[in-house]
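So the chains spell out like this:
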Amino acid sequence: LFRSHALSIITSTENQYSVFLDALKFGKPILIEKPISINPDELNLIVKNEDISKVIVNLNRRHYKSVQSLKKLIQRNIKNMSFVVNIPEFTWDLNPEEQYAKSYFIDNSVHVIDIINYLFGNVREITAVKTKQSNLPNIAAVCRTNSGAVGTFNISFSSSANISIKIRRAHV
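Residues numbered from 1 in each chain as written. Predicted model: local features only at pLDDT ≥ 70, side-chain atom pairs only at ≥ 80, totals over all residues. Heavy atoms only, no water.

Bringing the pattern of salt bridges into the picture now. Applying the stated criterion across every chain, the model contains four salt bridges. Where D22 meets K25, a salt bridge forms, and the shortest distance between an N and an O atom there is 3.4 Å. We classify D22 as partly exposed; its relative accessible area is 43%. With a shortest N-O distance of 2.5 Å, D114 and R62 are connected by a salt bridge. With D114 in helix α4 (residues 98–120) and R62 in the loop between β3 (55–57) and α3 (65–76), the pair connects residues that are 52 residues apart, well separated along the chain. Classification of D114 by relative accessible area gives buried; the value is 8%. (Salt bridge = Lys/Arg side-chain N within 4 Å of Asp/Glu carboxyl O. Buried < 20%, exposed > 50% of the residue type's maximum accessible area, 1.4 Å probe, protein only. Helix = DSSP H or I, 4+ residues; strand = E, 2+ residues; numbered from the N terminus.)

If you want it as structure tokens, here you go:
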């Protein structure tokens, strides 16, 4: 009989939640791809689950050297910080059908939102506008983080193919 010390869940977003619930029954630590669900009711149930401390969501981009270097810089100057993040959602192999575009959009953009939380503190207020261009979603948002940093981010299929983060520190 095979015995494991942990579980890793890699499946489509549509199946993620039900597989996750089954995996919780084993009582093992779980590494899961993101997003676990896009359904707000399911997400609320996950957060309230007492076994959630055993779950690690695979948000790996915060461990990139470039993000780590930026984190050190920001920690020295976090007061009066503002930021602008542009997030491209372009990929050469993207199927332009809306059902695939939405899945890709969610799967990729969650990394950048995690980086904002990691660099500047968790987002505590947000106002966003969603548009559609050629059946593909675009989002523009303004947010404030727990550290007091204020910023904007744009998630778009029509932006350039590189993520950019601009940081400004107000002189008071």
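Turning our eyes to something else, we now look at the nonpolar core. Residues I74, F83, V85, I116, L119, F120 and F153 are the most contacted members of the largest nonpolar core, which totals 17 residues. Those elements that provide at least two residues to this core are α3, β4 (81–88), α4, β6 (136–145) and β7 (150–156). A total of six residues in this core trace back to one element, the largest contributor, which is α4. Setting aside residues up to four positions removed in sequence, I116 forms contacts with F83, V85, G121, V123 and F153. Among the nonpolar cores identified, the runner-up in size contains 10 residues, and I9, Y17, I30 and I32 belong to it. (Core = buried A, V, L, I, M, F, W, Y, C linked by side-chain atoms within 4.5 Å. Contact = heavy atoms within 4.5 Å.)

On to the side chain of S37, then. Tracing the chain through its elements places S37 in the loop between β2 (30–32) and α2 (40–48). The class of S37 is buried, set by a relative accessible area of 6%. At 3.0 Å, the side chain of S37 and the backbone nitrogen of N39 are in polar contact. A distance of 2.5 Å separates a polar atom in the side chain of S37 from a polar atom in the side chain of E42. The residues contacting S37, other than those within four sequence positions of it, are Y17, E42 and L43. (Polar contact = N/O pair within 3.5 Å; in protein donor to acceptor, adjacent residues only side chain to side chain.)

Further remarks concern the environment of D51. Structurally, D51 can be placed in the loop between α2 and β3. As a C-alpha pair, D51 and P29 span 22 residues in sequence and 9.0 Å in three-dimensional space.

On to the confidence of the model for the protein chain. This prediction gives the protein chain a mean pLDDT of 78; 74% of its residues lie at or above 70. The spread of mean pLDDT over the elements of the protein chain runs between strand β8 (residues 164–169), the lowest at 70, and strand β1 (residues 7–9), the highest at 91. (pLDDT = per-residue confidence, 0-100.)

Time to look at the environment of R124. Relative to the helices and strands, R124 resides in strand β5 (residues 123–133). With residues near it in sequence (within four places) discarded, R124 still touches R144, T145 and N146.

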